[in-house]
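This is what each chain is made of:
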Amino acid sequence: MKQQKLPPGYAVVQLDGEWYPIKIEKMHPEEFISLDPIFDDALEDARFPRRQDAVEACLRHESDKIQREQTSWFWLAVYSDVYPDRCVHYIDEIEALTGRKPYIRYEHGSSPYCYSVVVNVYAGRCPHCRAWQDECYIYGLTIDEALAQAAQEAYASRCRCQRIVEEHTQAVA
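Rules and cut-offs
Residues numbered from 1 in each chain as written. Predicted model: local features only at pLDDT ≥ 70, side-chain atom pairs only at ≥ 80, totals over all residues. Heavy atoms only, no water. Helix = DSSP H or I, 4+ residues; strand = E, 2+ residues; numbered from the N terminus. Buried < 20%, exposed > 50% of the residue type's maximum accessible area, 1.4 Å probe, protein only. Contact = heavy atoms within 4.5 Å. Areas by Shrake-Rupley, 256 points an atom, 1.4 Å probe, with all protein chains shown as cover. Salt bridge = Lys/Arg side-chain N within 4 Å of Asp/Glu carboxyl O. Pairing = 2+ DSSP bridges. Disulfide = S-S within 2.5 Å. Axes fitted to C-alpha atoms, helices over the stretch in contact; angles between N-to-C directions.

Description of the overall build of the protein
A tally of helices and strands in the protein yields three helices and eight strands. Reading the secondary structure of the protein in the N-to-C direction produces β-β-β-α-α-β-β-β-β-β-α. For the protein, the residues scored as buried account for 30% of the 173 residues in total. In the protein, the proportion of contacts linking residues at least 24 apart, taken out of those at least 6 apart, comes to 51%. In the structure as shown, the protein presents an accessible area of about 12,000 Å², 53% of it carried by carbon and sulfur atoms.

As for the pattern of salt bridges
Following the criterion strictly, the structure yields five salt bridges and no others. Lysine 101 is the salt-bridge partner of glutamate 95, the closest N and O atoms lying 3.9 Å from each other. For glutamate 95, a relative accessible area of 31% gives the class partly exposed. The class of lysine 101 is partly exposed, set by a relative accessible area of 48%. Note that glutamate 107 and arginine 105 form a salt bridge whose closest N and O atoms lie 2.7 Å from each other. Judged by relative accessible area, glutamate 107 falls into the partly exposed class, the value being 30%. Looking at arginine 105, the relative accessible area reads 24%, which means it is partly exposed.

A short note on the pairing of strand S1 (residues 10–15)
Looking at chain direction, S1 and strand S2 (residues 18–27) are connected through six bridges and run antiparallel. From the neighbouring strand, valine 12 faces S2, where its bridge partner is proline 21. The antiparallel hairpin formed by S1 and S2 contains two residues in its connecting segment, where aspartate 16 sits at a positive phi of about 50°.

Some words on the state of the cysteines
Across all of its chains, the model carries zero disulfides by this definition. Here cysteine 159 is not disulfide-linked; the sulfur of cysteine 161 is the nearest cysteine sulfur, at 9.3 Å. Judged by its relative accessible area of 22%, cysteine 159 is partly exposed.

A look at the sheet that holds strand S3 (residues 32–37)
The strands that make up a sheet pair up through hydrogen bonds in the backbone, lying either parallel or antiparallel. Taken in spatial order, the three strands line up as S1-S2-S3 in an open sheet, and their pairing is antiparallel. For this open sheet the edge positions go to S1 and S3, each flanked by a neighbour on one side alone. Along the sheet, successive strands turn relative to each other by an average axial angle of 40°, direction set aside.

Re the pairing of strand S8 (residues 136–140)
Taking every second residue as pointing to the same face, the buried face of S8 carries Cys136, Ile138 and Gly140, while none of Tyr137 and Tyr139 on the other face is buried. Pairing between strand S5 (residues 115–121) and S8: five bridges, direction antiparallel. In the sheet register, valine 117 faces S8, and the bridge partner there is glycine 140.

Spelled out as structure tokens, the structure:
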């Protein structure tokens, strides 16, 4: 059987006939080293009768750590207002075009990466021509992307209203 290599920063130690997976971290100043045990599901020190099981626990721990880190960065990107001035501008534009501020929410799916930002532009009368405008839901990966699309939809609806008003005015004249 081929032995698996330990990931960097991990080790296994044998004490009293049992194998323990541990995480090794260098502390500042660099003369100090921290040895932290890896815990199992029962929040006790993970211990195994075989070395291979302890190595696999180290590999799982590293994989879980990488997954948590990626998820953390992912959600930080989702919730961050990378372009706050742009987002404020879109909200103001939607309000000017529809008469109401949009409602923004986050929808989470079944996995850590399954989500969307939803911008709800409410139904109501156009503040300019009093024509009825339908409600719309815009989905995006980030808040500025969803707001930009919602602003485009609100602008398109406003253009349709203007066209209807112009056609009505020409028909009357």
